[in-house]
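As a plain string of letters, each chain reads:
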Amino acid sequence: MVQTNSVNSQASVFDLSSYLAERQPLVEAALDQAVPLTYPETLYEAMRYSLLAGGKRLRPILCLAACELAGGSVEMALPTACALEMIHTMSLIHDDLPAMDNDDYRRGRLTNHKVYGEDVAILAGDALLTYAFEYVATATQGVPAEQVLRVIAALGKAVGAAGLVGGQVVDLASEGNPDVTIETLTFIHTHKTGALLEVSVTSGAVLAGASEPDIERLARYAQGIGLAFQIVDDVLDITSTPEQLGKSVGKDLQAQKATYPSLWGIEESKRQAQQLVDEAKAELQGFGELRQPLIALADYITARTH
Ligand code: GRG
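Note that this is a predicted model, so its numbers are computed, not measured. (Residues numbered from 1 in each chain as written. Predicted model: local features only at pLDDT ≥ 70, side-chain atom pairs only at ≥ 80, totals over all residues. Heavy atoms only, no water.)

1. With respect to the overall build of the protein chain
(1) Moving on: Per the secondary structure count, the protein chain includes 15 helices and four strands.
(2) Moving on: Principal axes of the C-alpha set define a box for the protein chain whose edges measure 50 × 45 × 35 Å.
(3) Moving on: Counting over 306 residues, the protein chain shows a buried share of 52%.
(4) Moving on: As presented, the protein chain carries roughly 13,100 Å² of accessible surface, and 54% of it is formed by carbon and sulfur atoms.
(5) Moving on: Averaged over its 22 positive side-chain charges, the protein chain has a centre that lies 2 Å from the centre of its 39 negative ones. (Helix = DSSP H or I, 4+ residues; strand = E, 2+ residues; numbered from the N terminus. Buried < 20%, exposed > 50% of the residue type's maximum accessible area, 1.4 Å probe, protein only. Areas by Shrake-Rupley, 256 points an atom, 1.4 Å probe, with all protein chains shown as cover. Lys, Arg positive; Asp, Glu negative; His and termini not counted. Charge placed at Lys NZ, Arg CZ, Asp CG, Glu CD.)

2. Observations concerning the state of the cysteines
(1) Moving on: Scanning the entire structure with this criterion turns up zero disulfides.
(2) Moving on: As a non-bridged cysteine, Cys 63 has Cys 67 as the owner of its nearest cysteine sulfur, 6.7 Å distant.
(3) Moving on: Here Cys 63 falls in the buried class, since its relative accessible area comes to 0%.
(4) Moving on: You can call Cys 67 buried: its relative accessible area is 0%. (Disulfide = S-S within 2.5 Å.)

3. Brief notes about empty space enclosed by the protein
(1) Moving on: In this structure the tally under the stated criterion is one cavity of 30 Å³ or more.
(2) Moving on: Considered as a void within the structure, the largest cavity measures approximately 100 Å³ in volume.
(3) Moving on: Taken together, 14 residues line the largest cavity, and the ones lying closest to its centre are Ser 50, Ile 93, Asp 96, Arg 106 and Asn 112.
(4) Moving on: Tallying contributions element by element places helix 4 (residues 74-95) first for the lining of the largest cavity, with three residues.
(5) Moving on: A per-class count over the lining of the largest cavity returns five nonpolar, five polar and four charged. (1 Å grid on protein atoms, 1.4 Å probe; cavity = no way out; pocket = protein on both sides within 12 Å on 5 of 7 lines; lining within 4 Å. Points joined across faces, edges and corners; volume = space filled by probe spheres on them. Nonpolar A, V, L, I, M, F, W, Y, C, P; charged D, E, K, R; others polar.)

4. Some thoughts on the site of the ligand
(1) Moving on: The ligand sits among 19 residues. The nearest are Lys 56, Arg 59, His 88, Arg 107 and Gln 168.
(2) Moving on: The separation between an oxygen atom of the ligand and a polar side-chain atom of Arg 59 is 2.8 Å.
(3) Moving on: One nitrogen or oxygen atom from the side chain of His 88 is found 2.8 Å from an oxygen atom belonging to the ligand.
(4) Moving on: For the ligand, whose unbound accessible area comes to 760 Å², protein coverage reaches 90%.
(5) Moving on: Listed by contribution, the elements that provide at least two residues to the shell around the ligand are helix 4, helix 8 (164-174), helix 9 (182-207) and helix 10 (212-239).
(6) Moving on: Residue contributions to the shell around the ligand peak at five residues, all from helix 4.
(7) Moving on: Class assignment of the residues belonging to the shell around the ligand gives a composition of seven nonpolar, six polar and six charged. (Near = heavy atom within 4 Å. Polar contact = N/O pair within 3.5 Å; in protein donor to acceptor, adjacent residues only side chain to side chain.)

5. Some points on a nonpolar patch on the surface
(1) Moving on: The grouping of Tyr 105, Leu 110 and Val 115 at the surface amounts to a nonpolar patch, some 250 Å² of accessible area in total.
(2) Moving on: Its place among the elements puts Tyr 105 in strand 3 (residues 105-106).
(3) Moving on: Under the relative-accessibility criterion, Tyr 105 is labelled partly exposed at 43%. (Patch = residues over 30% accessible without salt bridge, like charges linked within 9 Å, V, L, I, M, F, W, Y side chains within 5 Å. Salt bridge = Lys/Arg side-chain N within 4 Å of Asp/Glu carboxyl O.)

6. Digging into the layout of surface pockets
(1) Moving on: Of the voids in this model, the second largest pocket is the one considered here, and its volume is about 350 Å³.
(2) Moving on: Forming the boundary of the second largest pocket are 16 residues, of which Ala 154, Lys 157, Glu 198, Val 199 and Thr 202 lie nearest the centre.
(3) Moving on: Elements with a minimum of two residues in the lining of the second largest pocket: helix 7 (145-159) and helix 9.

Right under this line is the structure:
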């Protein structure tokens, strides 16, 4: 779970810890309800095992906050928020498979394939991915159909070859290559990590019926925090313990992966992450008090230790 101190930003003090203490259980309960245990139980157990393993729930929380910022309600965005976490979780299950990162631990517990076998882990990921789209289409209420359709299309783009999958393929192809450029590394991260964070924010705004300029501003905010998030992730892979991260550490070095710290060093990587977060927050000027959660979440990205 995310642990933070109060974030003192511009006009008022916003308590991110209390905000998350309210939002995380809300998301947990919605996810639990969205994927009930039913026949075939092994499949649903495997889906729920990873989905309900207690991640930070950053993507759903960003989606809900962006929806509220743009004048919408939590109810309008909750199915999309759940779908984002289903997609994120399936990407982690597949990323951990022996054919990809071959990891034994995730979110502080054994990886899905270690418990259920590779066959069921692949299928649990597939089931979460497809259900995410079904869930947005069938469970979203109080939102005009064309806005729901736009969200579904944006999710598809963010997840497929133009997003996560494309980023992962370039990442895998770059392993062991000492000549990976900063451009390639940035492609990997903006696609593998940034695309889903961006659609988390913009989908919330689209559901609320935000104007195009506001959606664009929020997209730029999300691109900044997305890249900063990955830079910090690379730094944490070097500076943290497995206990802090709930997964193996030092994997990037072992796999001879180019990372921001390997290209820039740790201090410069931290500085770049902070600059991206500052620029992201500047995009929110003019949004009023409801921008406080997004500002605090941006600050959390550079301050996090896990
Ligand atoms: C999406 C169809 C499809 C296939 C998957 C494996 C793959 C293609 C993509 C890899 C995507 C990946 C694992 C990106 C890394 C994202 C990342 C930084 C994860 C850590 O996110 P946190 O810190 O984790 O938000 P928690 O556990 O808190 O949710």
